[in-house]
Amino acid sequence: MSPFWTLLARDLKLAARSGGGAALALSFFALVATLVPLGVGADLKLLSRIAGGILWVGAVLAALLSLDRLFQGDFEDGSLELIALSPLPLEMTALAKIAAHWLSTGAALTLLSPLLALLFNLAPYPTLVLFLSLLIGTPAVSAVGAIGASLTLSLKRGGLILPLIILPLLAPVVIFGAGAVAAVMDGFSPNGGLGLLAAFSLAAVLLSPFAAAASVRLNLGS
Amino acid sequence: MSPFWTLLARDLKLAARSGGGAALALSFFALVATLVPLGVGADLKLLSRIAGGILWVGAVLAALLSLDRLFQGDFEDGSLELIALSPLPLEMTALAKIAAHWLSTGAALTLLSPLLALLFNLAPYPTLVLFLSLLIGTPAVSAVGAIGASLTLSLKRGGLILPLIILPLLAPVVIFGAGAVAAVMDGFSPNGGLGLLAAFSLAAVLLSPFAAAASVRLNLGS
Amino acid sequence: MISSLTAEKLACARGERKLFEQLSFRVTAGQALAVEGANGAGKTSLLRMLAGFLSPAAGRIVLKIGDAQSDDAEERGRQVGWLGHHDGLKPQLTVREQLTFYAGLYAKPADAAVLDQVGLGRQADLPCRYLSAGQKRRLALARLLVSQRSLWLLDEPFAALDTAGQQLVAQLMARHCGAGGIIIAATHEPLGLSNESLKL
Amino acid sequence: MISSLTAEKLACARGERKLFEQLSFRVTAGQALAVEGANGAGKTSLLRMLAGFLSPAAGRIVLKIGDAQSDDAEERGRQVGWLGHHDGLKPQLTVREQLTFYAGLYAKPADAAVLDQVGLGRQADLPCRYLSAGQKRRLALARLLVSQRSLWLLDEPFAALDTAGQQLVAQLMARHCGAGGIIIAATHEPLGLSNESLKL
Amino acid sequence: MNWLFKYANPHNFMRLSGVVLPFTAIGAALGIAAALWLGFSAPPDYQQGRTVLILFIHVPAAILATAVYGAIAVCSLLSLVWRHPLSDTAARAAAPFGALFTALGLITGALWGKPMWGTYWVWDARLTSFLLLLFLYMGYMALWNAIEDETRAARAAAILALVGAVNIPIIKFSVEWWSTLHQGESIVSGKLAPVFLAPLLLMMTGYALLFATLWMVRIRTAIIERRARGLMQGAA
Ligand code: HEM
Ligand SMILES: Nc1ncnc2c1ncn2[C@@H]1O[C@H](COP(=O)(O)OP(=O)(O)OP(=O)(O)O)[C@@H](O)[C@H]1O
Ligand SMILES: Nc1ncnc2c1ncn2[C@@H]1O[C@H](COP(=O)(O)OP(=O)(O)OP(=O)(O)O)[C@@H](O)[C@H]1O
Ligand SMILES: [Mg+2]
Ligand SMILES: [Mg+2]
């Protein structure tokens with residue numbers, strides 16, 4: 001395996017062991033999706049109306065919950081120094097970590113979403129659009145999140161500053177994603193929204209490794 | 001200052017420095033409250049309908065985000081051993097930590113809630129009930145959260161398993177809290193819901209220090 | 001004042017491995033005991049057992065204070081001054097804040113002169129994140145002094161210290177024993193005082 | 001193969017404090033340099049500078065490989081074998097997994113015999129969370145060997161090791177120099193080989 | 001770039017800003033006073049009544065809020081690419097004012113909304129993107145405060161500011177796509193009556209000069225503080 005795949009595989013393994021990984025992001029997502037109806041009330045029409053928005057926000061939050069340790073664990077125990085000295089450029093390191101994060105959260109959340117949509121009484125077509133929008137949009141969450149995680153790397157309690165930094169940047173993802181679902185519910189085409197989402201996601205994944213690498217480098221110099 | 005207050009004061013200081021503390025819990029709360037309309041749509045009538053539920057879920061999530069480090073930071077750097085050897089019983093340690101957490105999250109969230117209620121176009125009386133329900137209910141979130149945090153103490157990535165443990169326990173809080181808001185919006189009295197909430201909260205704060213202390217003790221023996 | 005600490009036929013099991021069995025020793029006031037052994041022999045485990053974090057797989061630990069004796073772990077913990085592998089420092093707090101915190105926690109006065117004693121006078125207002133490895137260790141020493149406990153459990157007290165630091169530790173240990181305290185220290189080097197030693 | 005490493009008038013500032021200035025030295029293939037100094041003198045900072053994590057406040061570091069020389073930090077990093085204050089181990093991974101990971105990351109074969117060499121043969125399948133302080137350090141040593149770098153930067157290589165472990169380190173260092181490698185080590189003890197030394 | 005480096009080194013900045021400061025301060029005071037006087041003497045709007053006066057506080061605040069973020073982004077670029085030492089100080093000094101202008105715009109807008117739209121808040125594109133801007137400011141300032149080491153904080157904050165700068169147009173655009181209600185562009189297209197336009201433009205100039213004044217004062221304070229610390233360190 002090349003260094004890139006080695007790192008990716010290790011991050012997935014770490015996520016899977018001891019309290020991380022897909023299963024847990026899923027549980028969190030499912031729990032939020034359950035709590036909201038408990039709070040909002042059982043009106044099925046109301047629920048299906050807000051389903052797209054709530055599930056999108058839930059997915060972003062679920063992904064966020066495991067983001068703050070993306071680089072921090074490696075920083076605190078000295079692994080990050082060793083990774084920085086390896087033949088793998090820091091940009092590729094960031095990309096591997098984004099990919100691992102997406103696989104263990106975003107991808108899993110996407111797969112679970114149709115089931116949760118069922119709880120919200122969402123019709124099949126909007127459900128499909130929700131699924132697609134999550135598939136296209138969640139990589140952007142991991143990518144933008146990686147920037148935030150690398151900036152807050154050296155903060156012991158970065159847990160709360162991270163959302164403050166990245167959530168405003170993620171507003172377009174939520175708008176385009178949930179907007180596409182709303183569009184089909186109102187009888188419009190979702191293509192515009194999904195297209196914009198894809199463009200945002202692509203740009204985020206391509207550019208964020210550079211920003212993340214720069215701020216990791218910065219934090220190593222301490 | 002007694003050992004109890006010393007610990008409480010230190011935890012507040014740590015929360016305030018470097019990316020924790022009330023300001024950030026608030027921002028997170030406000031951000032979630034902003035993302036939901038972005039996802040759900042701008043319909044003010046719809047928003048005021050779901051305001052109670054959404055704000056309650058948002059408050060629980062904001063409190064949760066800083067919970068996983070409640071004991072873990074002290075565990076990893078060896079402070080917890082030193083605290084355990086101090087004259088302060090572990091039960092009181094847990095209580096101090098619960099209090100510090102509530103002051104730096106729950107209390108602040110409660111104070112901010114009327115402003116966010118404004119964004120959701122919630123009428124004055126339901127806003128008052130929301131405020132009261134948060135005031136009464138958020139201590140339970142910190143208390144139940146402390147149990148979860150102490151259980152997941154030795155897991156490096158407890159971030160995700162923690163919500164899984166505590167969110168189901170917190171379902172009653174959300175139901176009673178948001179329920180009280182919904183009740184007044186439908187013209188009923190909120191007293192029943194608030195009463196149950198107060199009972200739950202009181203029980204949680206009184207009992208959880210024992211559970212938390214027991215599992216801290218367990219984790220120290222490793 | 002503690003008069004003695006007795007370990008009776010202690011056994012320690014980690015996972016499926018037995019680290020030691022039938023371990024008995026006795027330390028009386030004013031004595032120091034050096035615990036020696038290869039890496040992984042169980043020195044840290046023994047110290048954690050004495051502090052009450054780990055419970056022994058067999059045997060018991062008896063502490064005698066005056067004439068009263070007890071094998072309660074929690075009670076023993078109240079006598080313990082602990083210096084472990086981890087220093088218990090918060091990167092966000094300054095050296096002085098850190099010391100004041102532990103003094104308050106142990107309900108003891110925070111004596112600022114201690115910082116000069118361990119050679120951190122100039123760093124008093126520096127956040128702990130900026131301390132070097134040895135400086136962190138010195139702060140942990142200061143904390144040990146401030147806690148005013150009589151049963152010192154020290155895990156590799158010389159680690160990370162320069163020559164002057166090592167001499168300081170030896171001197172502090174000698175003074176502690178002189179004042180009737182008890183020291184049990186895990187170490188790979190001689191303690192530099194007249195002490196018993198226990199080979200694991 | 002590296003032929004030499006030269007530091008020219010290096011200066012290091014942390015916060016507003018100057019740790020050292022006008023520091024120059026040169027190490028050639030097969031040589032070892034011991035960096036000595038009190039706690040907080042700047043040993044770790046110097047090593048971090050040499051590894052390229054910190055940039056010097058003044059001066060430059062030149063690495064000569066064959067006849068080509070360069071002062072690029074990133075390029076130098078690719079030659080560095082690093083043993084820092086932190087071991088870079090994950091509690092969740094077993095000893096073997098940890099070693100295989102670093103071998104893969106450095107694109108080098110994972111030689112299982114290395115574990116026996118550092119005395120961790122029996123712990124190969126134990127998760128790192130269960131390792132003792134010295135065993136962690138031994139695993140870090142194994143990782144250093146597996147990475148097959150020629151410029152070793154070692155921060156207190158003897159820390160936490162028992163006597164046998166310390167001898168092992170001395171022996172590994174001698175072998176590395178014998179094979180034409182370069183070692184720069186921060187230490188409070190003699191390295192146990194014929195080496196230059198630098199006092200901070 | 002050379003001219004910039006020449007005038008923007010701390011020493012020259014202190015000299016230059018010392019000369020300019022009194023003028024901007026006086027200009028700000030005059031501009032704002034004149035605008036207020038003109039504004040109060042203007043006839044009440046037939047539709048909005050006296051509440052139209054909020055316009056003079058609201059619009060300049062809203063415009064400056066965005067402009068200040070632009071200034072921070074430019075400073076960040078200078079700092080990251082050319083390692084210019086003063087630009088970090090400048091960026092940090094500007095942020096609280098940007099946040100304040102944003103908050104002021106939000107508050108005055110909300111107060112205005114009650115009589116105009118019957119509610120303090122609606123989820124309209126402009127309002128929402130403005131709220132998000134406030135969060136961006138808060139995140140930016142929080143990051144500065146959270147990292148203790150100043151050089152590292154500066155670079156981290158600069159990276160964040162630039163990422164934000166790329167994203168702000170996208171946010172604005174996405175929010176507009178999502179929902180629109182707020183007043184459209186009306187100054188440049190001349191839809192605003194001259195009686196209102198004159199005081200508004202004066203007020204805008206006043207605000208801008210006020211910001212320039214406060215900004216320079218904060219930068220100067222930061223420079224002086226750093227010098228003092230350097231001296232103390234040297235003495236110790
Ligand atoms: C909380 C509520 C409000 C917010 C956050 C807000 C925000 C803004 C923003 C960001 C601008 C743009 C400045 C620029 O061009 O860069 C603006 C301009 C303006 N706002 Fe508001 N606004 C609010 C409420 C209102 C209300 C209720 C009115 C009156 C009906 C109003 C009237 C105007 C006008 C006339 C302009 C100038 C438009 C132009 O020519 O560019 N705003 N506001
Ligand atoms: N921001 C700062 N302000 C002031 N001093 C600082 C700052 N950051 C680090 N220092 C000082 O720089 C020094 C760091 O030294 P370094 O870690 O290189 O020491 P060392 O020689 O490795 O010590 P040790 O033997 O204890 O490991 C310490 O004296 C520390 O107090
Ligand atoms: N779950 C487990 N399964 C098997 N072995 C374990 C387990 N947990 C701990 N161990 C072993 O127990 C021992 C722990 O020893 P301890 O930390 O007390 O050693 P030590 O004497 O302090 O060593 P050092 O000098 O390296 O600090 C190690 O050998 C470790 O491998
Ligand atoms: Mg040990
Ligand atoms: Mg060091």
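Scroll up a little and you will see the structure.
All figures in this text were calculated on a predicted structure; none of them were measured in a lab. (Residues numbered from 1 in each chain as written. Chains lettered and ligands numbered in written order. Predicted model: local features only at pLDDT ≥ 70, side-chain atom pairs only at ≥ 80, totals over all residues. Heavy atoms only, no water.)

A. Quick look at the relation of the copies chain B and chain A. The transformation that overlays chain B on chain A combines an axial shift of 0.0 Å with a rotation of 180°, and the residual RMSD is 0.1 Å. Here the transformation between the copies is reduced to the relation of a two-fold axis. For chain B, the residue whose C-alpha comes nearest the rotation axis is Leu-65 of chain B, separated from it by 3.7 Å. When you check the interface residues of chain B against chain A, 100% turn up at the interface there too, and the contact is symmetric in its surfaces. (Least-squares fit on C-alpha atoms with pLDDT ≥ 70 in both. Contact = heavy atoms within 4.5 Å.)

B. Region of interest: the coordination of the magnesium ion (ligand 5). Residue and element names in this part refer to chain D. Listed as protein donors to the magnesium ion (ligand 5) are Thr-44 (OG1) and His-85 (NE2); their distances from the metal cover 1.9 to 2.4 Å. Of this pair, Thr-44 sits in helix H1 (residues 43-51) while His-85 sits in the loop between strand S6 (80-83) and helix H3 (95-105), placing them 41 residues apart in sequence. Thr-44 gets classed as partly exposed once you look at its relative accessible area, which sits at 23%. (Donors = N, O, S within 2.8 Å, 3.2 Å for Na, K, Ca; no water. Helix = DSSP H or I, 4+ residues; strand = E, 2+ residues; numbered from the N terminus. Buried < 20%, exposed > 50% of the residue type's maximum accessible area, 1.4 Å probe, protein only.)

C. Expanded view of the coordination of the magnesium ion (ligand 4). Coordination of the magnesium ion (ligand 4) by the protein comes from Thr-44 of chain C (OG1) and His-85 of chain C (NE2), over a distance range of 1.9 to 2.5 Å. Taking the relative accessible area as the measure of exposure, His-85 of chain C reaches 34% and is therefore partly exposed.

D. Fine view of the packing of helix H3 (residues 44-65) of chain A against helix H7 (residues 124-151) of chain A. Residue and element names in this part refer to chain A. Orientation of H3 relative to H7, taken along the N-to-C sense of each, is 30°, at an axis distance of 11 Å. With respect to each other, H3 and H7 are oriented roughly parallel. Classified by chirality, the crossing of H7 by H3 is right-handed. For the pair formed by H3 and H7, the contact residues are Gly-52, Leu-55, Trp-56, Ala-59, Val-60 and Ala-63 on the first element and Leu-130, Ser-133, Leu-134, Gly-137, Thr-138 and Val-141 on the second. Classifying every residue of the contact of H3 with H7 gives eight nonpolar, four polar and no charged. (Axes fitted to C-alpha atoms, helices over the stretch in contact; angles between N-to-C directions. Parallel < 35°, antiparallel > 145°, perpendicular 65-115°, else oblique. Left-handed = near helix turned anticlockwise from the far one by under 90°. Nonpolar A, V, L, I, M, F, W, Y, C, P; charged D, E, K, R; others polar.)

E. Broad picture of the site of ligand 2. In the vicinity of ligand 2, 21 residues are found, and the nearest of them are Ser-132 and Gly-134 of chain C together with Lys-43, Thr-44 and Ser-45 of chain D. Surrounding ligand 2 is a set of residues that belongs to chains C and D. Ser-45 of chain D is positioned such that a nitrogen or oxygen atom in its side chain is 2.6 Å from an oxygen atom of ligand 2. In the model, an oxygen atom of ligand 2 is placed 3.4 Å from a nitrogen or oxygen of the His-188 of chain D side chain. A total of 660 Å² of accessible area belongs to ligand 2 in isolation, and the protein chains cover 93% of it. Counting only elements with at least two residues in the shell around ligand 2, the list comes to helix H5 (133-147) of chain C together with strand S2 (17-28) and H1 of chain D. Among the residues making up the shell around ligand 2, the classes are represented as six nonpolar, 11 polar and four charged. (Near = heavy atom within 4 Å. Polar contact = N/O pair within 3.5 Å; in protein donor to acceptor, adjacent residues only side chain to side chain. Areas by Shrake-Rupley, 256 points an atom, 1.4 Å probe, with all protein chains shown as cover.)

F. Focus on the site of ligand 3. The environment of ligand 3 is made up of 21 residues, and the closest members are Lys-43, Thr-44 and Ser-45 of chain C together with Ser-132 and Gly-134 of chain D. Note that an oxygen atom of ligand 3 is positioned 3.4 Å from one of the side-chain N or O atoms of His-85 of chain C. The side chain of His-188 of chain C places a nitrogen or oxygen atom 3.3 Å from an oxygen atom of ligand 3. For ligand 3, whose unbound accessible area comes to 660 Å², protein coverage reaches 92%. Only strand S2 (17-28) and helix H1 (43-51) of chain C together with helix H5 (133-147) of chain D provide two or more residues apiece to the shell around ligand 3. When grouped by side-chain class, the residues that make up the shell around ligand 3 number six nonpolar, 11 polar and four charged.

G. Representation of the sheet that holds strand S1 (residues 2-14) of chain C in the model. All names here are of chain C. Taken together, four strands build an open sheet; the order of strands is S2-S1-S4-S5 and the sheet is antiparallel. Either end of the sheet is taken by a strand with one partner, and the two such strands are S2 and strand S5 (68-70). For this sheet the average axis-to-axis angle between neighbouring strands, irrespective of direction, equals 15°. Note: strand S4 (residues 58-65) against S5, three bridges, orientation antiparallel. Looking at the pairing, Ile-65 lines up with Ala-68 of S5. Of the strands in this sheet, S1, S2 and S4 are in contact with H1, which crosses S1 at around 125°. (Pairing = 2+ DSSP bridges.)

H. The arrangement of the sheet that holds S2 of chain D in detail. Residue and element names in this part refer to chain D. Read across the open sheet, the four strands follow the order S2-S1-S4-S5; overall the sheet is antiparallel. Either end of the sheet is taken by a strand with one partner, and the two such strands are S2 and strand S5 (68-70). Shown here is a sheet whose adjacent strand axes are inclined to one another by a mean of 15°, direction ignored. Of the pairings in the sheet, the one linking strand S1 (residues 2-14) to S2 comprises eight bridges and is antiparallel in character. Its bridge partner lying in S2, Leu-10 is registered against Leu-23. Its contacts with the sheet place H1 against S1, S2 and strand S4 (58-65), and it is angled at close to 125° to S1.

I. The arrangement of the interface of chain B and chain A in detail. With 45 residues of chain B at the contact, the number on the chain A side is 45 residues. Carbon and sulfur atoms make up 76% of the surface buried where chain B meets chain A, a total of about 4,100 Å² over both sides. For the pair chain B and chain A, the number of links is zero residue pairs in polar contact (both at pLDDT 80 or more). Elements supplying a minimum of two residues to the side of chain B that touches chain A: helix H1 (3-16), helix H2 (21-40), helix H3 (44-65) and helix H8 (161-185) of chain B. At 12 residues, the largest contribution of residues to the side of chain B that touches chain A is made by H2 of chain B. (Buried area = accessible area lost by both parts, 1.4 Å probe.)

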